[in-house]
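A structural walkthrough
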Amino acid sequence: MGRDVRELRGAWTRYQRHGYHEPAPELAPWVERYWEAHWDYAEPYHQKIVPYPNVHLSFGDGHAAVNGVVSGFQVKVLEGADHVFGVAIRPGCFRPFLGASVSTITDRVVPVAEVFGTAPAKADRDTVEEFLLARLPEPDPRTAEAAGAVELIAANSGLTRVETLADELGVGVRGLQRLFADYVGIGPKWVIRRYRLHEVTERMAAGGEIDWAALAADLGYADQGHFIRDFKNMFGEPPTWYAERY
């Protein structure tokens, strides 16, 4: 079966619109951004969604859900004209809202009311922001530790090993793993791999030839085969196939 041409060379932009907004300053320690997506498809479209270490709140089509960190790619079917509004929580910062280890909702979707006791009356930015401002948690210093660790990974392209991260933070590997499970919802090895693979997609978007073997070595892989396997597990297709999306 051939590929859906709507997913190639940026064609999706003719069918979808995305927007991003900053949260109120009072929410900035917990919320990374608001996002919204609108789409209009006459025929169903299989949307590939690749994960980041964020918990998301999503609102639309009569639902209000908490989406835990997802360990692999997802495919959602978009059809007709619709939209969704979402809140991307800063990695490591949802535990004070949840009141439990974030790993308990990894790869799960639970109703907003199950976590917060109720849900916003409407699925718009002002209502959702007012809802969250009324439910700000008590400060938790461990959230800053977890968020700072993820930010260090995102900012340092040369960081490819958990041991290196632990040394940078002055903690043991086991303690780091416990922190990530409790506050991020997924392990530091996964987070490192996700951000390094994000850099691969940035190179794809920039265009030009890519030396895959050299790139794999730059990312800390022992060989190109291990890199391709990790990429396929995360994105659902090999890198050369995924590159055609750009």
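All values reported here derive from a predicted model rather than from experimental measurement.

**Looking at the overall build of the protein**
Scanning the protein from N- to C-terminus turns up 10 helices and six strands. Taken against the 2.2 N^0.38 rule, which gives 18 Å for 246 residues, the C-alpha radius of gyration of the protein at 19 Å falls within 12% of a compact globule. Seen through its C-alpha atoms, the protein measures out along the principal axes to roughly 55 × 50 × 25 Å. With 246 residues in all, the protein has 43% of them scored as buried. Considering only contacts within the protein whose residues lie at least 6 apart along the sequence, 68% involve residues at least 24 apart. As presented, the protein carries roughly 12,700 Å² of accessible surface, and 50% of it is formed by carbon and sulfur atoms. Of the charged side chains in the protein, 26 are positive and 34 negative; the average position of the first set lies 4 Å away from that of the second.

**Here we look at the nonpolar core**
One finds Val87, Phe94 and Phe227 to be the most contacted residues of the largest nonpolar core, which totals 58 residues. The dominant element in this core, judged by the number of residues it contributes, is helix α7 (residues 188–206), at seven residues. Once residues lying within four places of it in the same chain are set aside, the contact partners of phenylalanine 94 are Val55, Leu57, Val66, Ile89, Val102, Ile105, Val115 and Phe116. Grouped together as the second largest cluster of nonpolar side chains are eight residues, Ala37, Tyr41, Tyr45 and Leu78 included.

**Quick notes on the sheet that holds strand β1 (residues 16–21)**
Within the open sheet, the six strands sit side by side as β1-β2-β5-β3-β4-β6. Their pairing is antiparallel. Across the chains shown, the open sheet's two edge strands, defined by having one partner strand only, are β1 and β6 (109–111). Taken over all neighbouring pairs, the strand axes of this sheet differ in orientation by 25 degrees on average, direction set aside. Note that strand β2 (residues 31–49) and strand β5 (residues 74–89) share 15 bridges and pair antiparallel. In the strand pairing of β5, valine 31 is matched with isoleucine 89. Packing of helix α3 (residues 125–133) onto the sheet brings it into contact with β1, β2, β3 (56–60) and β5, and relative to β5 it is tilted by some 35 degrees.

Scoring rules and cut-offs
Residues numbered from 1 in each chain as written. Predicted model: local features only at pLDDT ≥ 70, side-chain atom pairs only at ≥ 80, totals over all residues. Heavy atoms only, no water. Helix = DSSP H or I, 4+ residues; strand = E, 2+ residues; numbered from the N terminus. Rg over C-alpha atoms; globule rule 2.2 N^0.38 Å. Buried < 20%, exposed > 50% of the residue type's maximum accessible area, 1.4 Å probe, protein only. Contact = heavy atoms within 4.5 Å. Areas by Shrake-Rupley, 256 points an atom, 1.4 Å probe, with all protein chains shown as cover. Lys, Arg positive; Asp, Glu negative; His and termini not counted. Charge placed at Lys NZ, Arg CZ, Asp CG, Glu CD. Core = buried A, V, L, I, M, F, W, Y, C linked by side-chain atoms within 4.5 Å. Pairing = 2+ DSSP bridges. Axes fitted to C-alpha atoms, helices over the stretch in contact; angles between N-to-C directions.

That is the geometry; function is a separate question.
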